[in-house]
Amino acid sequence: MSELASPAPDIVPAPERAASVIVDDVTKVFNQGRSDEVLALSGVSLTVGGGEFVSLIGPSGCGKSTLLRLIADLIEPTTGTVTVAGRPAGQARRDQEYGIAFQQAGLFEWRTVRRNVELPLELRGVSKAERRARAEEMLELVGLADFAGHYPGQLSGGMQQRVAIARALAVQPPLLLMDEPFGALDEMTRERLQSELLGICAKTGTSTVFVTHSISEAVFLSGRVVVMSARPGRITASIEVELPSRDEAGRQAPAYFEKITEVRQALRS
Amino acid sequence: MIAGLAVAALLWEGYKAAGDPEGTVLFGVRVLPRADDLSMPHLWTIGQRLADPEMTGGRPVWLVVLQACLFTLGITAAGFAAGTVIGLVLAAAMQRFRIVERGLLPYVVLSQTVPLVALAPLIAGWGGTLMPSWATVSVIAAYLAFFPVAVGMLRGLQSPSAGGVELMRSYAAGWWRTLVKLRFPAALPYLFPALRLAGAAAVVGAVVGEISTGTRGGIGRLIIEYSREATSDPAKVYTAMLGAALLGLLVAGAVSLLELPLMRHRRHVEVVTL
Ligand SMILES: Nc1ncnc2c1ncn2[C@@H]1O[C@H](COP(=O)(O)OP(=O)(O)OP(=O)(O)O)[C@@H](O)[C@H]1O
Ligand SMILES: [Mg+2]
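Notes on the structure follow. Everything numeric in this text was worked out from a predicted model, so none of it was measured. (Residues numbered from 1 in each chain as written. Chains lettered and ligands numbered in written order. Predicted model: local features only at pLDDT ≥ 70, side-chain atom pairs only at ≥ 80, totals over all residues. Heavy atoms only, no water.)

## Things to note about the coordination of the magnesium ion (ligand 2)
All names here are of chain A. With distances of 1.9 to 2.4 Å, the protein atoms coordinating the magnesium ion (ligand 2) are S65 (OG) and Q103 (OE1). One end of the pair, S65, is in helix α1 (residues 64-71); the other, Q103, is in the loop between β6 (98-101) and α3 (113-123), and 38 residues separate them in sequence. Its relative accessible area of 22% is what places S65 among the partly exposed residues. On the basis of relative accessibility, which here comes to 33%, the residue Q103 falls in the partly exposed class. (Donors = N, O, S within 2.8 Å, 3.2 Å for Na, K, Ca; no water. Helix = DSSP H or I, 4+ residues; strand = E, 2+ residues; numbered from the N terminus. Buried < 20%, exposed > 50% of the residue type's maximum accessible area, 1.4 Å probe, protein only.)

Okay, here's the thing in structure tokens:
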């Protein structure tokens, strides 16, 4: 590298706080022009800042998963644009800018739990030793270290879901997309994983888009709760959440209950 | 397996004891075969015949049959391997390109309706110039073997759920890596039943191919030779047929040997080829 091209150490830019996701006036129509045409999303605009935690909440079928899949570039918007990490969503996907955990665990039944978690690392060409270490660490995190050698068919639904979470976290992506990841978990495991997730996001500055059906979960986790309505899927409210702390005390705080009420009212209207 | 053999032996001897020696004839059609010693020799007669020399002073029959089996096994293995590779490549191509599937699949199915008798002389003509004559028999075996593999594997490659495919897409994995990491492993439960069918087809192809191309040295040829002596020495032709059956078992065993370690932790799917 030439002398001129390398930046002087004193003008290194501050950690980026630029928007991680920009969804601009997106409409999504499934099966366009056919008799089973569905308008899944209509005029949706959403911006997720760097390091921000945003929850999507809304009635079943309102297009939460669809919005997440649009950000992940698994489907294309009918109109409008999606920008991730400053690039078109397709480019961001090819650059592996995000990790995703789907509503269904979607594990590969022929791989052990450990090798399932290793899969995205394998595709990124991470060395075998590091893959293994990272997988063990993530399984430890979701409380499944003892099941590393098991096959998905030998696990319960909630355990499979936790493996899928570990798999999404393993690559330590700058953007996390999670579709009801804690849906199949018991209350205790759920609360523990919520705290772990918050810890990871805070530590690594990960931006997160988190789909959930639980109002309390959305409020506890998020800096912002985005409320959607069905038919057609639209964003009807965006509620900023400030909690004194995100721990046991936070769950008792008056602000917490106020926000829960506010989200509930937004959902009802 | 052992029980199956015992049942088959019991049925054979049972029918021989109970069946009409002249066969059962209904409205002028023989619906059940003759049960006399000429048509259905006793199992022990067949066993004895195996130990006796082929011709007076010649090698024992079992040795001749075994040697013929080995010869045909080589042909079968070559045809089976070639057919499997062709089937896998075709299946991958059909999975990759919708157009190829639509354009090719009908012909793949059609290929199996061409009578082997019509095809064999053509392929036999390649012997000596394009390839050694035993290889023409392998070609016929491959021709029969590729079909179940192509059809079964195509279904297997198309079996992953949309979720799995989306996951690979989210990892920015291209077609090849999706094939290796997702589609191929997902297809294994479909592949093994298809391989079993292909193995049986390869044996049939090799035996029939030997007969119709007039290749010497294999079990197919032996069946024809021995059946000419059926009137004077009925047990002899059955020894050759036992050899052909042994061949089928060997191939099926080889497939199982491959399957066992790979499928230990897999669910087995209900597979209907076609
Ligand atoms: N591939 C598809 N083809 C056709 N319609 C689809 C497809 N995917 C989703 N839809 C439709 O889009 C709408 C939104 O679906 P989506 O899965 O995004 O809902 P959701 O908010 O995630 O619901 P849930 O909370 O139940 O998961 C639904 O009406 C659904 O029928
Ligand atoms: Mg959903």
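Moving on from the model shown.
## As for the sheet that holds strand β5 (residues 87-88) of chain A
Residue and element names in this part refer to chain A. A sheet is described by the order of its strands in space; here four strands give the open sequence β2-β1-β4-β5, paired in antiparallel fashion. Each edge of the open sheet is held by one strand with a lone partner, namely β2 (38-49) and β5. Of the strands in this sheet, β1 (19-30), β2 and β4 (79-84) touch α1, which is tilted by about 120° from β1. (Pairing = 2+ DSSP bridges. Contact = heavy atoms within 4.5 Å. Axes fitted to C-alpha atoms, helices over the stretch in contact; angles between N-to-C directions.)

## Concerning the sheet that holds strand β9 (residues 224-229) of chain A
All names here are of chain A. Taking strand neighbours across the sheet as the criterion, the six strands line up as β6-β7-β8-β3-β9-β10 in an open arrangement whose pairing is mixed. Strands at the two margins of the open sheet, each flanked by one partner only, are β6 and β10 (234-240). Strand-to-strand, the axes of this sheet are offset by a mean angle of 15°, without reference to chain direction. Pairing of strand β3 (residues 53-57) with strand β8 (residues 207-211) involves four bridges; the strand directions are parallel. Bridge pairing in β8 links L56 to V211. Of the strands in this sheet, β3, β7 (175-179), β8 and β9 touch α1, which is tilted by about 155° from β7.

## Structural notes on the environment of N31(A)
All names here are of chain A. Following the sequence through the fold, N31 ends up in the loop between β1 and β2. According to the relative accessible area criterion, N31 is partly exposed, its value standing at 33%. When the C-alpha atoms of N31 and A145 are compared, they prove to be 43 Å apart, with 114 residues separating the residues in sequence.

## Section: empty space enclosed by the protein
In total, this model carries two cavities of 30 Å³ or more according to the counting rule given. Around the largest cavity, the lining residues are Q96(A), Y98(A), G99(A), I100(A), P120(A), R124(A), R167(A), A168(A), V171(A), S170(B) and Y171(B). Counting only elements with at least two residues in the lining of the largest cavity, the list comes to β6 and α5 (157-170) of chain A. Residue classes in the lining of the largest cavity are distributed as six nonpolar, three polar and two charged. Put simply, the second largest cavity is a space of about 50 Å³. For the second largest cavity, the full set of lining residues is L141(A), V142(A), I165(A), L169(A), M178(A), F182(A), L193(A), E196(A) and L197(A). Only α5 and α6 (187-204) of chain A provide two or more residues apiece to the lining of the second largest cavity. Taken together, the residues that form the lining of the second largest cavity break down as eight nonpolar, no polar and one charged. (1 Å grid on protein atoms, 1.4 Å probe; cavity = no way out; pocket = protein on both sides within 12 Å on 5 of 7 lines; lining within 4 Å. Points joined across faces, edges and corners; volume = space filled by probe spheres on them. Nonpolar A, V, L, I, M, F, W, Y, C, P; charged D, E, K, R; others polar.)

## Remarks on the environment of G128(B)
All names here are of chain B. Note that G128 resides in the loop between α5 (116-124) and α6 (133-157). For G128, a relative accessible area of 67% translates into the label exposed. A sequence separation of 52 residues divides G128 from T76, and the C-alpha atoms of the two residues are 19 Å apart.

## Considerations on the site of ligand 1
Residues and elements named next belong to chain A. Neighbouring residues of ligand 1: 14 residues in total, closest S60, G61, K64, S65 and T66. A distance of 3.0 Å separates an oxygen atom of ligand 1 from a polar atom in the side chain of Q103. Here ligand 1, which alone exposes 630 Å², has 67% of that area covered by the protein. Of all the elements in the fold, those that place two or more residues in the shell around ligand 1 are β2 and α1. If you tally residues by element for the shell around ligand 1, the top one is α1, at three residues. For the shell around ligand 1, the per-class residue count stands at four nonpolar, eight polar and two charged. (Near = heavy atom within 4 Å. Polar contact = N/O pair within 3.5 Å; in protein donor to acceptor, adjacent residues only side chain to side chain. Areas by Shrake-Rupley, 256 points an atom, 1.4 Å probe, with all protein chains shown as cover.)

That's the geometry; what it means functionally is another story.
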